[in-house]
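# What the coordinates show
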Amino acid sequence: GVQANDTLYVTVQRCRIFSNQHAGAFACLKADGTVETWGDMDRGGNSNSTQPQLQYVQDISASSQAFAAITNSGKVVTWGHHMWGGDSKKVRRQLVGVRKIAAASAAF
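Residues numbered from 1 in each chain as written. Predicted model: local features only at pLDDT ≥ 70, side-chain atom pairs only at ≥ 80, totals over all residues. Heavy atoms only, no water.

## Things to note about the pairing of strand 5 (residues 66-71)
Where burial is concerned, most of strand 5 is hidden: six out of the six residues are buried. In strand 5, alternate side chains face the same way, and those of Ala-66, Ala-68 and Ile-70 on one face and Phe-67, Ala-69 and Thr-71 on the other are all buried. Here five bridges tie strand 4 (residues 57-62) to strand 5, and the two strands are oriented antiparallel to one another. Across the sheet, Asp-59 pairs through a bridge with Ile-70, a residue of strand 5. Taking the residues between adjacent antiparallel strands as the criterion, strand 4 and strand 5 are bridged by three residues. In the sheet, strand 5 pairs with strand 6 (residues 76-80) via five bridges, with the strands oriented antiparallel. Residue pairing in the sheet places Ala-69 in a bridge with Val-77 of strand 6. (Buried < 20%, exposed > 50% of the residue type's maximum accessible area, 1.4 Å probe, protein only. Helix = DSSP H or I, 4+ residues; strand = E, 2+ residues; numbered from the N terminus. Pairing = 2+ DSSP bridges.)

Following this line, the structure appears as structure tokens:
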């Protein structure tokens, strides 16, 4: 463990925190455009399946149980509960050139 007079090095990164409406999951948009998530896996706390796409993110929106991110290129990445907007595979080709996302309780 850490002892008296030990030297510690800490890296602190600023990020914007987003939470869904039930505050069961959280997303941190880092200054470098990457995203970290935690919390209830069913509500968007696990973004492992979309993590490779969560690069160059400029903004995030949250529904009750899902998240949507816009990348610098205008693509949209969603994750979380599929019934609440977390699965956009069927409309992925249409989600290009997006500038803003508005979240409702169960959709984006």
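Next comes the rest of the account.
## Regarding the sheet that holds strand 6
Reading across the sheet, the three strands line up as 4-5-6 and stay open at both edges, with antiparallel pairing between neighbours. Looking at the sheet topology across the chains shown, the edges are occupied by strand 4 and strand 6. Shown here is a sheet whose adjacent strand axes are inclined to one another by a mean of 20 degrees, direction ignored. (Axes fitted to C-alpha atoms, helices over the stretch in contact; angles between N-to-C directions.)

## Brief notes about the nonpolar core
The biggest cluster of nonpolar side chains holds 13 residues, and the ones touching the most others in it are Ala-27, Val-35, Leu-54, Val-57, Ile-60, Phe-67 and Trp-79. Listed by contribution, the elements that provide at least two residues to this core are strand 2 (25-30), strand 4, strand 5 and strand 6. Those residues in contact with Val-57 that lie beyond four places of it in its chain are Leu-29, Gly-33, Val-35, Ala-69, Ile-70, Thr-71 and Asn-72. (Core = buried A, V, L, I, M, F, W, Y, C linked by side-chain atoms within 4.5 Å. Contact = heavy atoms within 4.5 Å.)

## Section: the state of the cysteines
If you walk through the whole model with that rule in mind, you get one disulfide. Here Cys-15 pairs with Cys-28 through a disulfide, and the sulfurs are 2.2 Å apart. Taking the sign of the S-S torsion, -135 degrees for the link of Cys-15 and Cys-28, the bridge is left-handed. Of this pair, Cys-15 sits in strand 1 (residues 15-19) while Cys-28 is found in strand 2, placing the two residues 13 residues apart along the sequence. The class for Cys-15 is partly exposed, based on a relative accessible area of 32%. (Disulfide = S-S within 2.5 Å.)

## Here we look at the pattern of salt bridges
Evaluated as defined, the whole model comprises four salt bridges. Asp-59 serves as the salt-bridge partner of Arg-16, at 3.1 Å between the closest nitrogen and oxygen. Here Asp-59 lies in strand 4 and Arg-16 lies in strand 1, a separation of 43 residues in the sequence. The exposure class assigned to Arg-16 is partly exposed, which follows from its relative accessible area of 43%. Residue classification places Asp-59 among the buried residues on the basis of a relative accessible area of 19%. The structure contains a network of salt bridges with shared partners spanning Arg-16, Asp-59 and Lys-100. (Salt bridge = Lys/Arg side-chain N within 4 Å of Asp/Glu carboxyl O.)

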